[in-house]
Amino acid sequence: DTEVTQTPKHLVMGMTNKKSLKCEQHMGHRAMYWYKQKAKKPPELMFVYSYEKLSINESVPSRFSPECPNSSLLNLHLHALQPEDSALYLCASSRSVYEQYFGPGTRLTVT
Amino acid sequence: AQRVTQPEKLLSVFKGAPVELKCNYSYSGSPELFWYVQYSRQRLQLLLRHISRESIKGFTADLNKGETSFHLKKPFAQEEDSAMYYCALKANAGGTSYGKLTFGQGTILTVHP
């Protein structure tokens, strides 16, 4: 398996909802990343996990809560989001410091 | 701090014409540079990395440390090359086991028939 998968593909949630995004890879990569991408803009790094430990938090609001339950899975828990949080959320993984492989993303709409 | 600049938001060429997407970077250390491509409705995927000096889909890119540039070139553009292209820089933070990418703003390439 040489892909990063993400579920769901699309998510619509209200500002009071709690939802989670899921990312999975079976390439044995030990670094996993969450990015946020607005339309026609580059991805912006949110979090980096390395060996299941949070290594980077790019000053992301606490309404976004990442979790890495094991080396293949990465979750992003969402709570009390704002409409401006609507975006494409990308997951990526890499074998140590080498190139990153991206998932197809979850398109999130906050109403 | 590192920075990546792609001066052209949009680039249009005709099929068969040469194409060059510009990328300049600012970084005090020894950078690793990449080109990523995002076709319509597809995932972001790696096109080239400067370390491997390979040619993918006819594209090449040479790292010019003197000019701090990593321009992407193709001698004969094809319609299927139409996509968003991002130049990215990975800062080498010694001792870490992950890479932190800084992306440029991207260039939308349109190849007309």
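In what follows, the structure referred to is the one given above.
Residues numbered from 1 in each chain as written. Chains lettered and ligands numbered in written order. Predicted model: local features only at pLDDT ≥ 70, side-chain atom pairs only at ≥ 80, totals over all residues. Heavy atoms only, no water.

Draft legend 1. Quick peek at the sheet that holds strand S7 (residues 60-61) of chain B. Residues and elements named next belong to chain B. Reading across from one edge, S3-S8-S7 is the order of the 3 strands in this open sheet, with antiparallel pairing throughout. Bordering the open sheet on either side are strand S3 (19-21) and S7, each of which pairs with just one other strand. Sheet topology places S7 next to strand S8 (residues 72-74); 2 bridges connect them, and they run antiparallel. Along S8, the bridge assignment pairs Ala-61 with Leu-72. (Pairing = 2+ DSSP bridges. Helix = DSSP H or I, 4+ residues; strand = E, 2+ residues; numbered from the N terminus.)

Draft legend 2. Fine view of the interface of chain B and chain A. On the chain A side, the residues contacting the 20 residues of chain B number 24 residues. Taken over both partners, the interface formed by chain B and chain A buries close to 2000 Å², and the fraction arising from carbon and sulfur atoms is 55%. In this structure, the connection of chain B to chain A is made through 3 salt bridges. A salt bridge links Glu-3 of chain A to Arg-43 of chain B; the nearest nitrogen and oxygen atoms lie 3.6 Å apart. At the boundary of chain B with chain A, the tally comes to 8 residue pairs in polar contact (both at pLDDT 80 or more). Residues belonging to the side of chain B that touches chain A are distributed by class as follows: 10 nonpolar, 6 polar and 4 charged. (Contact = heavy atoms within 4.5 Å. Buried area = accessible area lost by both parts, 1.4 Å probe. Salt bridge = Lys/Arg side-chain N within 4 Å of Asp/Glu carboxyl O. Polar contact = N/O pair within 3.5 Å; in protein donor to acceptor, adjacent residues only side chain to side chain. Nonpolar A, V, L, I, M, F, W, Y, C, P; charged D, E, K, R; others polar.)

Draft legend 3. A look at the pairing of strand S2 (residues 10-14) of chain B. Residues and elements named next belong to chain B. Alternating residues of S2 divide into Leu-11 and Val-13, all buried, and Leu-10, Ser-12 and Phe-14, none buried. Relative to strand S11 (residues 107-112), S2 runs parallel, the two sharing 5 bridges. Within S11, the residue paired with Ser-12 across the bridge is Thr-110. (Buried < 20%, exposed > 50% of the residue type's maximum accessible area, 1.4 Å probe, protein only.)

The analysis is restricted to geometry; functional conclusions fall outside its scope.
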